[in-house]
Amino acid sequence: MSSLTSLDGLAAKPERAASGTRLAVRRFLRNRLAVVGLGVVVFFVLFCFVGPLLYSTDQTHTLLQQVNQSPSGAHWLGTDAVGHDELGRLMYGGKVSLIVGLSAGVLATVIGTLWGAAAGYAGGWIDAVMMRVVDAGIAIPALFILLVVSAITTPDLTGLVLILGLISWLVPSRLVRAETLTLKNRDFVLTLRAIGGTHARAIIRHILPNSVSTVIVAATFQIADAILLVAYVSYLGLGVQPPSTDWGGMLSSGMTAAYSGYWWLIVPPGLAIILVVWAFNAIGDGLRDAFDVRGRA
Amino acid sequence: MSTYSFLIRRVLQALAVVLLVTVVVFCLLHALPGGPARGILGPQATASQIAAFNHEQGLDKPLPVQYVYYLNQLVHGDLGMSYTLNEPVSQLITERLPKTLLLTVLSAVVGLLVAVPLGVWQAVRRNKPVDYVITTLSFIAYSTPVYFLGLILVLVFSQVLPWFPAQAPQGNSVADVLSQPQGLVLPVVAGAATMVAVFSRYMRSATLENLTEDYVRTARAGGTRPRAILTRHVFRNSLTPVVAMLGYYIPVLFGGALVVEQLFNYPGMGLLFWTAAQSSDYPVLLGCVLVISVATVTGTLLADVLQRVIDPRVKAGRS
C-alpha cells in the first residue's frame, strides 16, 4: 500500500491543482451573475433555516378565524386556505424543497459519475451496453415516469429523493464518461497500471479526482434541475402530505385560489422557485467558465 | 467509418434502445402493489374477482412469458385494450397524437422564430447590456415551472385582460382544433417559453463560435461588409447545428405538452396519459410511453445523421 501511495504522489500534481483552484475561484468571483446567484442561494438557505427562529408561525393547526387573508401588518404575505401564515409557510416549505432538491441532485450526480466512469473506463461492449441503458432512460421524459410512479404509490421524503435521483443521473453519466475516455490513456493512469495498480484504484484515485471540475459543474446544474423537478412533483400528485409542504405543493394548492384573486398564495412560492433554480444555474455557468470545462450550453 | 456503416450502426443502436425501453416500462408497470387488477376493480373486489381478471388479461402468467406475448402484439401494432375507456390503445393514441404533434410543432416553430434572432443578437452584442438582459431572462424562463407560467398567462391574459380563452380548443380532429386558433395562443406560448430559453443559448454560442472561424477573418480581410458576413456565412453555419439540436429536444417538448395539455384541458396525448395515470389505466400508460420513446429515439437518430450529413467535420465524434 505505502509504496503505491508514494507513486500516486508522483502521478498526480498537487501544487498545480491548488493554484488551478485558486485561479478558478478568482475567475468565478469575476463573474457577476454567478456571484449574485451565490448570494441568492445563501439568502434562501438563511431564510428557510434561520428565518423560522426569528419569525415563528403555527404551520400545523388549522386556524379557521384567519383563512385567505390578504397581506397585512400581522401577516406580511397573507394567509392560506387553512389559515397558515404564508411567509412562515414559505420558509417551512422551502426547507423541504431545498433539502429534497439538493439530495436528489447530489444523488443523481454520484450515480451518474460512477456509471459514466465505469462505462468509459471499461470500454468495448460493456460501455456500449451501459450507454444504451442511458439512451433508453433519456428516451422516456422524466415527467412521464413521475406520473406513472404517482399512479402506483405516494412515496415519503426519502423515497422521493431516491426516485428523483434514479431518473435524473443520465446527463452527468454522459459527461463523466466523455471525461474518462480522455483520461484513461493518459500517462499517469498507464503508469499506475504498468506497476500493477488495480482498475478500481485507477478510477477512484486518478480518474475521478481529475474529473472533479466536470463533476462539480454537473452537480450544480443537476441541483437546479432537481429543485425544478421537485416543483412539479406535487403538481403530478407525488407531493409531501399536509400539513407538511414544499414550494411546489404551495403552488399547486394555491392554483385554484389564484382564480379567486388570492395572488399572494402563488406569486411568492413561484418566485422563490424561479429565483433558486436561476441562482443554481448561474452558479453552474460561472463554475463551468471558471474551470473551463465542457458542460451544457 | 463510411457513412453507410455509420447509418447501420446507429439504426441498430436505436433499435436496441427501443427494446430496452419496452423492458423498462414493462417492469415498471408490473412493479405494482396489488397489481393492475386492484386499480381497475377497486378496493372492494374479492380475491376471486381479482384472480378472474388476472386470468382474463393474461396477468397470471410468468413475467417473461407476458413480456414475449406483449412484444408479439407490439410487432402487430396491437397495444392492448384500455382498462377504463374500452377502446384499443392504438386507436386512442392515433386519435390524440396528431393534436399533440400540432401543439408541440407550433410551440417549437414559435420558440425557434423567437430564439434564433435573440441568440444572434446576443452574439453580436456579447458582453453588452443587451446580452446580459437576454441571458438573465432566458435563465428565468428556463427556471419557471411550465404550470406556473401557464397559470400566470391565464390569470393575466384571460382573467384580467379578457383577450384569450383559458381553455384550449376542444374537438376530435386537428381541423376542429385549428378552427379555434385564439384558444391555441396561451398553450403555445406556455410551451414555447422553455424552448426560447434553451435555443437562444445554443444559437448564441453557435454564432460566437463561428464568428472566430478563419473564414470570417478571410471575408473581413477581403472587404465583405460585417452584416453580409453575419447573414450569408455565420448565420447559415450556426443555424444548421442548432436546428439539428431539435432532435435531442423531443423529450422536453413532450414533457412540456404533458403539463400544458393538462393545464389548458387540451385533448391530446398528454391529457390522455394524465387521465390514464389517475385511473391506473396501465395499457394506455404503457402505449403512450412507448410512442414517446420511439419518437425520441427517432429524433436523436435523425439529429445524429443530420449533423453528420451537414457537417463533414463530425465523424461519429461521440465515441
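Analysis parameters
Residues numbered from 1 in each chain as written. Chains lettered and ligands numbered in written order. Predicted model: local features only at pLDDT ≥ 70, side-chain atom pairs only at ≥ 80, totals over all residues. Helix = DSSP H or I, 4+ residues; strand = E, 2+ residues; numbered from the N terminus. Buried ≥ 20, exposed ≤ 12 C-beta atoms within 10 Å, placed from the backbone. Contact = placed C-beta atoms within 7 Å. Axes fitted to C-alpha atoms, helices over the stretch in contact; angles between N-to-C directions. Parallel < 35°, antiparallel > 145°, perpendicular 65-115°, else oblique. Left-handed = near helix turned anticlockwise from the far one by under 90°. Nonpolar A, V, L, I, M, F, W, Y, C, P; charged D, E, K, R; others polar. UniProt positions renumbered as here; feature names shortened; annotations may be inferred. Core = buried A, V, L, I, M, F, W, Y, C linked by C-beta atoms within 7 Å. Domains from an automatic or database assignment. Expected span 1.5 Å × (residues − 1).

(A) The overall build of chain B, seen in detail. Summing up its helical and strand segments, chain B has 13 helices and 0 strands in all. Beginning at the N terminus, the succession of helices and strands in chain B can be written as α-α-α-α-α-α-α-α-α-α-α-α-α. Reported as C-alpha extents along the three principal axes, the dimensions of chain B are approximately 85 × 60 × 35 Å. Each of the 319 residues in chain B was classed as buried or not, and the buried ones make up 37%. Within chain B, contacts between residues at least 6 apart in sequence are counted, and of these 71% link residues at least 24 apart.

(B) Spatial organisation of the packing of helix 14 (residues 267-291) of chain A against helix 6 (residues 129-143) of chain B. Here helix 14 of chain A crosses helix 6 of chain B at 120 degrees, and the two axes come no closer than 8 Å. In terms of their interaxial angle, helix 14 of chain A and helix 6 of chain B are classed as oblique. Helix 14 of chain A and helix 6 of chain B meet at a crossing whose hand is right-handed. Only B:Phe139, B:Ile140, B:Tyr142 and B:Ser143 of helix 6 of chain B make contact with helix 14 of chain A, whose side of the interface consists of A:Ile274, A:Val277, A:Trp278, A:Asn281 and A:Ala282. Here the residues of the contact of helix 14 of chain A with helix 6 of chain B are counted per class, giving 7 nonpolar, 2 polar and no charged.

(C) Summary view of the UniProt feature "domain: ABC transmembrane type-1" (unreviewed entry) in chain B. In the numbering adopted here, UniProt assigns the feature "domain: ABC transmembrane type-1" (unreviewed entry) to residues 97-303 of chain B. Helix and strand shares over residues 97-303 of chain B are 82% and 0% respectively, and the end C-alpha atoms of the span are 22 Å apart.

(D) Main features of the UniProt feature "transmembrane region" (unreviewed entry) in chain B. Residue and element names in this part refer to chain B. Taking the numbering used here, the UniProt-annotated feature "transmembrane region" (unreviewed entry) corresponds to residues 12-32, 101-124, 145-164, 184-203, 242-264 and 284-306. Between the C-alpha atoms that bound residues 101-124 there is a distance of 34 Å. The span itself is 100% helix and 0% strand. The span residues 145-164 carries 75% helix and 0% strand; its end-to-end C-alpha distance comes to 21 Å.

(E) Spatial organisation of the nonpolar core. In terms of nonpolar packing, the biggest core is built from 156 residues, with A:Phe144, A:Leu146, A:Ile227, B:Phe273, B:Leu285 and B:Cys288 touching the most fellow members. Here the element with the most residues in this core is helix 12 (residues 212-235) of chain A; it accounts for 16 residues. Built from parts of two domains, this core gets at least three residues from each of domain 1 (3-76) and domain 2 (95-280) of chain B. Those residues in contact with B:Cys288, other than ones at most four positions away along the chain, are B:Ile93, B:Met269, B:Leu272 and B:Phe273.

(F) Molecular detail of the domain arrangement of chain B. Structurally, chain B comprises domain 1 (3-76) and domain 2 (95-280). With centres defined by C-alpha atoms, the gap from domain 1 of chain B to domain 2 of chain B works out at 35 Å.

(G) Quick look at the interface of chain A and chain B. In this assembly, 33 residues from chain A lie in contact with 37 residues from chain B. Contributing elements (two or more residues each) for the side of chain A that touches chain B: helix 6 (124-139), helix 7 (142-152), helix 12, helix 13 (247-259) and helix 14 of chain A. Across the side of chain A that touches chain B, the residue classes tally to 27 nonpolar, 4 polar and 2 charged.

(H) Structural detail: unusual backbone geometry. Residues and elements named next belong to chain B. Of note in this structure, asparagine 127 is not a glycine but carries a positive phi near 60 degrees. Classification of asparagine 127 by C-beta neighbours within 10 Å gives exposed; the count is 8. At asparagine 265, a position not held by glycine, the phi torsion is positive, near 55 degrees.

(I) Highlighting helix 6 of chain A. Between its first and last C-alpha, helix 6 of chain A extends 23 Å over 16 residues, near the 22 Å set by a 1.5 Å rise per residue. Listed as buried for helix 6 of chain A are A:Met131, A:Val134, A:Asp135, A:Ala136, A:Gly137 and A:Ala139.

(J) Structural view of the environment of B:Gln13. In this structure, B:Gln13 sits in helix 1 (residues 3-30). A residue is classified by how many C-beta atoms lie within 10 Å of it, and B:Gln13, with 18 of them, is partly exposed.

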